[in-house]
Protein chains: 2
Amino acid sequence: MKIAVLGTGMVGKTIGSALIKAGHEVRMGSRTRGNEKALQWVADNGAQASEGAFADAAAFGDLVFVATKGDATLDALRAAGAANLEGKVLVDISNPLDFSKGMPPSLFVCNTDSLGEQIQAAFPAAKVVKTLNIVNCEVMVDAGRSSAQARGTMFVSGNDPAAKKLVTELFLKPWGWDDVIDLGDITTARGTEMMLPVWVRTWAATGNGHFAFKVVR
Amino acid sequence: MKIAVLGTGMVGKTIGSALIKAGHEVRMGSRTRGNEKALQWVADNGAQASEGAFADAAAFGDLVFVATKGDATLDALRAAGAANLEGKVLVDISNPLDFSKGMPPSLFVCNTDSLGEQIQAAFPAAKVVKTLNIVNCEVMVDAGRSSAQARGTMFVSGNDPAAKKLVTELFLKPWGWDDVIDLGDITTARGTEMMLPVWVRTWAATGNGHFAFKVVR
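Predicted model only: the values in this text are computed from it and were never measured. (Residues numbered from 1 in each chain as written. Chains lettered and ligands numbered in written order. Predicted model: local features only at pLDDT ≥ 70, side-chain atom pairs only at ≥ 80, totals over all residues.)

J.: Got a sec to walk through the overall build of chain A? Specific residues and values, please.
T.: Each helix and strand counted, chain A has 10 helices and 11 strands in total. In summary, chain A has a C-alpha radius of gyration of 16 Å against a globular reference of 17 Å for 217 residues, a match within 12%. For chain A, with 217 residues in total, the buried portion stands at 53%. For chain A, the proportion of contacts with a sequence separation of at least 24, taken over those separated by at least 6, is 72%. (Helix = DSSP H or I, 4+ residues; strand = E, 2+ residues; numbered from the N terminus. Rg over C-alpha atoms; globule rule 2.2 N^0.38 Å. Buried ≥ 20, exposed ≤ 12 C-beta atoms within 10 Å, placed from the backbone. Contact = placed C-beta atoms within 7 Å.)

J.: I'd love a proper account of the sheet that holds strand β1 (residues 2-6) of chain B, names of residues and values included.
T.: Residue and element names in this part refer to chain B. Strand order in the open sheet formed by eight strands is β3-β2-β1-β4-β5-β8-β9-β10, with mixed pairing between adjacent strands. Looking along the sheet, the strands with just one partner apiece sit at the ends: β3 (49-53) and β10 (180-184). Strand-to-strand twist of the sheet, defined as the mean angle between neighbouring strand axes without regard to direction, takes the value 25 degrees. Pairing between strand β9 (residues 154-157) and β10: four bridges, direction parallel. Each residue of the ladder has a partner; that of Ser-157, found in β10, is Gly-184. (Pairing = 2+ DSSP bridges. Axes fitted to C-alpha atoms, helices over the stretch in contact; angles between N-to-C directions.)

J.: Would you mind going over the relation of the copies chain B and chain A in detail, with residue names and values included?
T.: Two chain copies, one operation linking them: a rotation about an axis together with a shift along it. Placing chain B over chain A gives an RMSD of 0.0 Å and needs a rotation angle of 180 degrees, together with 0.0 Å of translation along the axis. Viewed as a symmetry operation, the transformation between the two copies matches a two-fold axis. Proximity to the rotation axis, assessed at the C-alpha, singles out B:Lys214 in chain B; its C-alpha lies 2.5 Å from the axis. Residue by residue, 100% of the interface of chain B is reproduced at the interface of chain A, so both copies engage with the same surface. (Least-squares fit on C-alpha atoms with pLDDT ≥ 70 in both.)

J.: Run through the environment of B:Gln149, naming residues and quoting values.
T.: Inspection of the secondary structure assignment puts B:Gln149 in the loop between α7 (137-140) and β9. Taking the C-alpha atoms as reference points, B:Gln149 and B:Val5, separated by 144 residues in sequence, lie 31 Å from one another.

J.: Residue-level account of helix α8 (residues 161-172) of chain B, with values.
T.: All names here are of chain B. The complete set of buried residues in α8 reads Ala-163, Lys-164, Val-167, Phe-171 and Leu-172. Seen end-on, α8 carries its buried residues on one side only, within an arc spanning 100 degrees. Exposed side of α8, more than 90 degrees from the buried face: Ala-162 and Glu-169 are the residues found there. Looking at the buried side of α8, the elements it contacts are β5 (89-92), β8 (127-131), β9 and β10. (Arc of directions from axis to C-beta.)

J.: So, the sheet that holds strand β1 (residues 2-6) of chain A: which residues are in play, and what are the values?
T.: Residue and element names in this part refer to chain A. Strands sit in the order β3-β2-β1-β4-β5-β8-β9-β10 across an open sheet of eight strands; the sheet is mixed. The two strands at the open ends of the sheet, each matched to only one other strand, are β3 (49-53) and β10 (180-184). Strand-to-strand twist in this sheet, taken as the mean axis angle between neighbours without regard to direction, amounts to 25 degrees. Relative to β3, strand β2 (residues 25-30) is paired through five bridges, and the arrangement is parallel. Bridging from a neighbouring strand, Arg-27 pairs with Ser-50 of β3. Those strands touched by helix α4 (residues 70-80) are β1, β2 and β4 (63-66), and its axis lies near 150 degrees from that of β4.

J.: Describe in detail unusual backbone geometry, supporting the description with residues and values.
T.: Residues and elements named next belong to chain A. For the peptide bond that leads from Met-103 to Pro-104, omega is -10 degrees, which places it in the cis range. Take Pro-104: it is sitting in the loop between β6 (97-98) and β7 (106-107). A positive phi angle is found at Asn-111, which is not glycine, with a value near 75 degrees. Looking at the secondary structure, you find Asn-111 in the loop between β7 and α6 (115-122). For Asn-111, a count of 18 C-beta atoms within 10 Å corresponds to the partly exposed category.

J.: Tell me about the interface of chain B and chain A, residues and numbers included.
T.: Taken together, the contact between chain B and chain A spans 36 residues of the former and 36 residues of the latter. Put simply, the parts of the chain that give the side of chain B that touches chain A at least two residues each are β7 (106-107), β10, α9 (189-193), α10 (196-206) and β11 (212-216) of chain B. Of the residues belonging to the side of chain B that touches chain A, the class tally is 16 nonpolar, 14 polar and six charged. (Nonpolar A, V, L, I, M, F, W, Y, C, P; charged D, E, K, R; others polar.)

J.: Before we move on, can you summarise helix α10 (residues 196-206) of chain A with the specific residues and values?
T.: Structural remark: α-helix, 3.6 residues per turn; residues separated by three or four positions point the same way. For α10(A), the set of buried residues is A:Leu196, A:Pro197, A:Val198, A:Trp199, A:Val200, A:Arg201 and A:Thr202. Taken together, the buried residues of α10(A) touch β6, β7 and α9 (189-193) of chain A together with β10, α9 and β11 of chain B. A positive phi of about 70 degrees marks A:Gly207, the residue just after α10(A).

J.: Break down the environment of A:Gly209 for me, citing the residues and quoting the values.
T.: Residue and element names in this part refer to chain A. Here Gly-209 lies in the loop between α10 and β11 (212-216). Separated by 74 residues in sequence, Gly-209 and Val-135 place their C-alpha atoms 8.1 Å apart. Once residues within four sequence positions are removed from consideration, Gly-209 is found in contact with Asn-136 and Trp-203.

Next comes the structure, spelled out in structure tokens:
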């Protein structure tokens with residue numbers, strides 16, 4: 001499949017490389033074509049990898065991952081353009097982290113709204129699926145990375161059941177997520193985004209970022 | 001130990017009975033002495049059980065559990081009286097759930113503050129320990145209740161390390177919590193209180209309230 005990955009940070013690069021490894025063609029999107037980090041990622045990932053501006057990448061992809069920092073997500077998607085997202089599955093793995101008040105971060109939207117919902121509201125013709133935002137990017141693409149003995153649970157949120165099923169079958173299961181819970185519509189992204197504060201504190205308390213949450217039941 | 005349990009709902013009754021079973025003397029507190037639910041609980045729990053107004057219970061207890069609904073917690077503690085809480089470990093298992101805007105509930109405090117912090121600020125001479133708020137009350141007192149195969153992780157938050165250790169050794173471990181993570185000071189209660197939205201949605205999605213979250217690492 002042709003896939004766009006918007007964002008050139010750790011998360012975008014890790015997701016992009018995992019998609020290449022799975023046989024997809026991936027175009028990494030950034031604010032401007034020729035971004036240094038995107039060019040390096042292309043050089044490292046072979047012929048199936050390419051890069052371009054957000055709009056180039058979104059136009060290229062039959063499916064779009066948005067892996068920017070949360071406070072850049074809506075701007076990146078506006079730059080990508082509504083027409084380039086129309087009818088497409090848009091996998092949102094970003095988090096509304098607000099570092100402006102110091103560490104640990106708070107959230108710039110939560111409780112009665114979420115970044116997932118804001119994206120869906122801004123791009124109603126896209127099929128937003130919120131997932132993977134509750135783990136470190138290396139765990140995102142390898143659920144077994146957190147522990148050899150056990151794997152965590154992954155949640156999916158979104159208004160389109162077929163889109164959630166596609167994301168689960170095409171990405172989550174191959175990446176080792178054998179326990180996926182469909183929480184419901186995109187408003188349930190409030191719940192998973194609000195897990196970030198305990199994620200950050202657990203990381204600080206254990207000194208280990210390679211963990212996941214398992215719903216023991 | 002003499003323990004006060006403030007609150008006569010499901011949570012208070014379940015915690016109170018588990019404490020009696022563990023050999024403690026428990027006084028259940030409510031707004032007025034002779035509360036019908038408290039009297040029934042006393043009748044069901046034998047000679048180690050008693051009941052009284054919030055202040056009677058708090059004066060009786062060498063340690064206090066607050067198990068009221070979140071929006072009643074600060075009022076209950078004010079009725080209990082700062083003098084009756086002074087120097088005592090105060091185990092806060094309440095959640096700042098706001099049902100006024102319909103279902104599912106939102107939180108009336110979150111992100112940059114928490115109910116745990118509000119309690120600690122209002123009663124600076126008490127040693128507030130936030131814990132157990134992330135599971136159903138039957139799972140609180142029996143971590144094995146969620147699954148025969150695995151147990152969840154329990155978090156503790158609070159400014160007094162000795163108080164957190166005491167709560168862990170005296171209650172959490174005997175109730176089956178074999179994986180306890182000390183998240184840090186009382187500000188980390190933001191993280192665990194903000195797990196409630198995903199708790200509520202997971203409950204709705206799975207139809208099963210007897211679950212816990214395990215930090216797989």
